[in-house]
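# Structural characterization, general
Below are the chains, spelled out letter by letter.
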Amino acid sequence: MTDIIIIGAGPAGLTAAIYARRAAKSVLVLEAKGYGGQIINTPHIENYPVAAHISGFDFATKVYEQAKALGAEFKFEKAIEIRDDGEIKTVVTPKNEYEAKAVIIATGSENRKLGVEGEDKLVGRGISYCATCDGAFFRKKNVAVVGGGNTALEDALYMADIADKVYLIHRRDSFRGEEATAEKLRQRENVELVLNSQVTKLNAEKRLQSVEVTDKQGNTRTLEVSGLFVAVGRIPENKSFENLIELDGAGYAASAENCRTKTPGVFVAGDNRQKEVRQLVTAASDGAVAATEAVKYLNE
Ligand code: NAP
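Presented here is an overview of the structure given in this document. Quick caveat: nothing in here was measured; it's all calculated off a predicted structure.

As a matter of local geometry, the ligand sits amid 21 residues, with Asn47, Arg172, Arg176, Arg278 and Gln279 nearest to it. One of the side-chain nitrogen or oxygen atoms of arginine 172 is found 2.7 Å away from an oxygen atom of the ligand. The protein chains hide 84% of the 910 Å² of surface that the ligand would expose on its own. Take the shell around the ligand: its biggest share by element is three residues, from helix H4 (residues 150-160). The class makeup of the residues in the shell around the ligand is three nonpolar, 11 polar and seven charged.

Below, the structure written as structure tokens:
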């Protein structure tokens, strides 16, 4: 029996593990993929206090190693269900069942699809959801990035160093992402902003060859690109746990500021939680709060 099971090894889950271990609680972290969560794909982090410039990979690795050094146990298994028997929670994975006194759900979110016909078939053949993972395949080629949040802006900037030409396609004329990054993009000669426009068609033989974009007036334009990086937001990964947590219309987990949910002993932390600001620093903050509350709950 573990004191606290943390589901998800992104910044929220890893920070929770650090706080829970420092409170001398036993900790098991379950992670479906690799440690680090979404931040591992961010090329440059410039908005986290003290770390003026660090890659997402280095950041995630440092936090992971910190949690491990403090004694958190890690298992790379996907949590698919939590059963609540009051003081005992059972977290089910495809291989095992693990018991804990408290659970912190820090599952983050997954990529939202663009929803254009043919998108699924072209993944790995021109369409990617991760510029830092696949960007190198498009050296000296023309690519497009779609989206207007921080991910899209950072992906476009990253690709501007690799590709010949980068189109940034966004459905509005102002960005959701940080102005500082948008300004850097405007300064780049090989970046063209395609605003008030949506991708309406993907043209491909075996691989992506071009995309059609349609603006708000209904004018269509074809962009000859061999790569399309889709960065149109994320979908919270809470569905498997909706028996124990309340979800809002968009699927985010409702909780008080203290990260407690409607089920005693079940907490949520990070991007899957209903909140206004989803940043690395707020994910870490959630992890600290959720673990502190979980420790309080165990000591109650
Ligand atoms: P996001 O902030 O939710 O932005 C998604 C973007 O995609 C929005 O601009 C949205 O347009 C657009 N969009 C959504 N659905 C679309 C569709 N069907 N077709 C075309 N465009 C669509 O998502 P994100 O950029 O992945 O970021 C997620 C969170 O992580 C954010 O809180 C972000 O700030 C954070 N993040 C932070 C950093 C950092 O701090 N360095 C880096 C990356 C991400 P509208 O604007 O019109 O809604």
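Among the nonpolar cores identified, the biggest contains 37 residues, and Ile4, Ile6, Phe74 and Ile104 are the most heavily contacted of them. Broken down by secondary-structure element, the contributors of at least two residues to this core are strand E1 (2-7), helix H1 (11-22), strand E2 (27-30), helix H2 (56-69), strand E6 (97-105) and helix H6 (280-299). Excluding residues within four positions of it along the chain, isoleucine 6 makes contact with Gly13, Ala16, Ala17, Val27, Leu28, Val29, Leu30 and Ile104. In terms of nonpolar packing, the next biggest core, distinct from the first, is built from 20 residues, Leu157, Ile162, Phe175 and Phe229 among them.

With respect to the secondary-structure elements, alanine 163 resides in the loop between H4 and strand E10 (165-169). When the C-alpha atoms of alanine 163 and asparagine 190 are compared, they prove to be 8.5 Å apart, with 27 residues separating the residues in sequence.

A few words on the environment of glycine 13. Inspection of the secondary structure assignment puts glycine 13 in helix H1. Beyond its immediate sequence surroundings of up to four residues, glycine 13 is in contact with Ile6, Gly8 and Ala106.

On to the pattern of salt bridges. Considering all chains together, one arrives at 19 salt bridges under this definition. With its nearest N and O atoms 3.5 Å apart, the salt bridge here joins glutamate 73 to lysine 75. Looking at glutamate 73, the relative accessible area reads 39%, which means it is partly exposed. Exposure remark for lysine 75: the relative accessible area of 27% places this residue in the partly exposed category. Put simply, glutamate 242 and lysine 239 hold a salt bridge, and the shortest N to O gap is 3.4 Å. A relative accessible area of 40% means that glutamate 242 is categorised as partly exposed. Ionic contacts of the salt-bridge type, sharing partners, join the residues Glu257, Arg273, Lys275 and Asp286 into one network.

With respect to topology, five strands assemble into an open sheet ordered E8-E15-E9-E10-E11, the strand pairing being parallel. Two strands close off the open sheet at either side, each with one partner strand: strand E8 (127-128) and strand E11 (191-194). When strand E9 (residues 142-146) meets strand E15 (residues 227-230), the two strands line up parallel, connected through four bridges. Within the sheet, the bridge partner assigned to valine 146 lies in E15 and is valine 230. Packing of H4 onto the sheet brings it into contact with E9, E10, E11 and E15, and relative to E10 it is tilted by some 170°.

Scoring rules and cut-offs
Residues numbered from 1 in each chain as written. Predicted model: local features only at pLDDT ≥ 70, side-chain atom pairs only at ≥ 80, totals over all residues. Heavy atoms only, no water. Near = heavy atom within 4 Å. Polar contact = N/O pair within 3.5 Å; in protein donor to acceptor, adjacent residues only side chain to side chain. Areas by Shrake-Rupley, 256 points an atom, 1.4 Å probe, with all protein chains shown as cover. Helix = DSSP H or I, 4+ residues; strand = E, 2+ residues; numbered from the N terminus. Nonpolar A, V, L, I, M, F, W, Y, C, P; charged D, E, K, R; others polar. Core = buried A, V, L, I, M, F, W, Y, C linked by side-chain atoms within 4.5 Å. Buried < 20%, exposed > 50% of the residue type's maximum accessible area, 1.4 Å probe, protein only. Contact = heavy atoms within 4.5 Å. Salt bridge = Lys/Arg side-chain N within 4 Å of Asp/Glu carboxyl O. Pairing = 2+ DSSP bridges. Axes fitted to C-alpha atoms, helices over the stretch in contact; angles between N-to-C directions.

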